[in-house]
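# An overview of the molecular structure
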Amino acid sequence: MSDRERADAVLEHVAVLAFLYYPGIEVDDPSYSRADDIEWCLARLGDVSDVERERMRALFARAITDPTATREELFTALVELDGVLAVDHHE
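Here the structure is a predicted model, which is why all the values come from computation and not from measurement.

Here we take up the confidence of the model for the protein chain. Looking at the protein chain, the pLDDT average stands at 87 and 88% of residues meet or exceed 70. This stretch, residues 84-91, has a pLDDT under 50; its non-local contacts, to residues over four places away or in other chains, come to eight contacts.

At a closest axis distance of 9 Å, the pairing of helix H1 (residues 3-20) and helix H3 (residues 34-42) adopts a crossing angle of 160 degrees. Here H1 is positioned roughly antiparallel relative to H3, judged by the angle of their axes. Between H1 and H3 lies a crossing whose hand is right-handed. For the pair formed by H1 and H3, the contact residues are Val10, His13, Val14 and Leu17 on the first element and Asp37, Trp40 and Cys41 on the second. Class assignment of the residues belonging to the contact of H1 with H3 gives a composition of five nonpolar, one polar and one charged.

Moving on, we come to the packing of aromatic side chains. For any pair of aromatic rings, the description consists of the separation of the ring centres together with the inter-plane angle of the planes. If you walk through the whole model with that rule in mind, you get one aromatic pair. Arranged with centres 6.3 Å apart and planes meeting at 50 degrees, the rings of Tyr21 and Tyr32 form a pair that is tilted. Here Tyr21, found in the loop between H1 and helix H2 (25-28), pairs with Tyr32, found in the loop between H2 and H3; they are 11 residues apart in sequence, far enough to count as distant. Across the pair, Tyr32 and Tyr21 agree in class, each one buried.

Residue position: Arg57 is located in helix H4 (residues 50-65). Using a relative accessible area of 24% as the deciding quantity, one classes Arg57 as partly exposed. Arg57 sits 22 residues away from Ala35 along the chain, and the two C-alpha atoms are 8.9 Å apart. When residues no more than four places from it in sequence are discounted, the contact partners of Arg57 are Ile38, Glu39 and Leu42.

Conventions and cut-offs
- Residues numbered from 1 in each chain as written.
- Predicted model: local features only at pLDDT ≥ 70, side-chain atom pairs only at ≥ 80, totals over all residues.
- Heavy atoms only, no water.
- pLDDT = per-residue confidence, 0-100.
- Contact = heavy atoms within 4.5 Å.
- Axes fitted to C-alpha atoms, helices over the stretch in contact; angles between N-to-C directions.
- Helix = DSSP H or I, 4+ residues; strand = E, 2+ residues; numbered from the N terminus.
- Parallel < 35°, antiparallel > 145°, perpendicular 65-115°, else oblique.
- Left-handed = near helix turned anticlockwise from the far one by under 90°.
- Nonpolar A, V, L, I, M, F, W, Y, C, P; charged D, E, K, R; others polar.
- Phe/Tyr/Trp six-rings, centres within 6.5 Å; stacked < 30°, edge-to-face > 60°.
- Buried < 20%, exposed > 50% of the residue type's maximum accessible area, 1.4 Å probe, protein only.

Structure, rendered in structure tokens:
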């Protein structure tokens, strides 16, 4: 899987979870676990350092509960993590 495909997969996972999340979901669905949702997203990252994994864990948590406020930061973090948008110097 390329860096771009991996970043896209992570963003898709987070987007689905953000779409399904609402305040009080834990009350309505006692089996719901945001930690499990975050792990589902982390699994798409592949092999990253523990420091980056914790950074992304926090970003995923915020992106699930408040996607509008977090989307740019999450996208930027994924770009930095994988070099997804490497500049093409060929003209």
